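# Descriptive analysis of the structure
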Amino acid sequence: MQTSLNIVELINQLYHNRLYKALKRQLKKDFIVAGIDHDFDNEIYPIDLVEFLQKVMSNLIRNENTYYLKLLYVTDISENKISELRGSNYLRPLEQVTYFILRGEWQKVWYRNKYQNNS
């Protein structure tokens, strides 16, 4: 699958801030909360994580819409963002949803890290 530059930039920011491991932990946690039984290797490379997420999102959209909606809720993706994507080319919305999820998870991890280190 093709990966947008925004996702690559986001992953690079995570690496730069040394928050990639925390992002993976947060993703696993939110998958569990949403009831999604897809696990990934702890040693997964960033670009492989993006591809994994895109495949999972594609499967959820096509086959398990309830879990897809739960994941969007758990990762704080607004309905407005998703409705903006409707009617677009399939691949582009899939990339955007993946980006929204990663960005939301990154924000959780970044804020937690910032305020734990400043306490």
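Remember, it's a predicted structure, so these values are computed and weren't measured experimentally. (Residues numbered from 1 in each chain as written. Predicted model: local features only at pLDDT ≥ 70, side-chain atom pairs only at ≥ 80, totals over all residues. Heavy atoms only, no water.)

## Quick notes on the nonpolar core
In terms of nonpolar packing, the biggest core is built from 35 residues, with Leu-27, Leu-49, Met-57 and Leu-102 touching the most fellow members. Elements represented by at least two residues in this core include exactly helix H1 (5-16), helix H2 (20-33), helix H3 (46-63), helix H4 (65-74) and helix H6 (91-117). If you tally residues by element for this core, the top one is H6, at 8 residues. In this structure, Leu-102 is in contact with Ile-7, Leu-10, Ile-11, Leu-23, Leu-27, Val-50 and Leu-53, ignoring residues within four places of it in sequence. (Core = buried A, V, L, I, M, F, W, Y, C linked by side-chain atoms within 4.5 Å. Buried < 20%, exposed > 50% of the residue type's maximum accessible area, 1.4 Å probe, protein only. Helix = DSSP H or I, 4+ residues; strand = E, 2+ residues; numbered from the N terminus. Contact = heavy atoms within 4.5 Å.)

## Details of the confidence of the model for the protein chain
For the protein chain, the average pLDDT comes to 82, and 87% of its residues sit at 70 or higher. The lowest-confidence element of the protein chain is H1, averaging 72 in pLDDT; the highest-confidence one is H2, averaging 92. (pLDDT = per-residue confidence, 0-100.)

## Digging into the environment of Thr-98
Mapped onto the fold, Thr-98 is located in helix H6. Note on Thr-98: relative accessible area 1%, which makes it buried. Remark: the alpha-carbon pair of Thr-98 and Val-56, spanning 42 residues in sequence, is separated by 9.5 Å. Of note is the side chain of Thr-98, whose polar atom sits 2.9 Å from the backbone oxygen of Leu-94. (Polar contact = N/O pair within 3.5 Å; in protein donor to acceptor, adjacent residues only side chain to side chain.)

## Things to note about a positive patch on the surface
Residues Lys-21, Arg-25, Lys-29 and Arg-112 make up a contiguous surface patch of positive charge. Per-element accounting of the positive patch gives the leading share, 3 residues, to H2. Following the sequence through the fold, Lys-29 ends up in helix H2. By relative accessible area, which is 46% here, Lys-29 ends up partly exposed. (Patch = residues over 30% accessible without salt bridge, like charges linked within 9 Å, V, L, I, M, F, W, Y side chains within 5 Å. Areas by Shrake-Rupley, 256 points an atom, 1.4 Å probe, with all protein chains shown as cover. Salt bridge = Lys/Arg side-chain N within 4 Å of Asp/Glu carboxyl O. Lys, Arg positive; Asp, Glu negative; His and termini not counted. Charge placed at Lys NZ, Arg CZ, Asp CG, Glu CD.)

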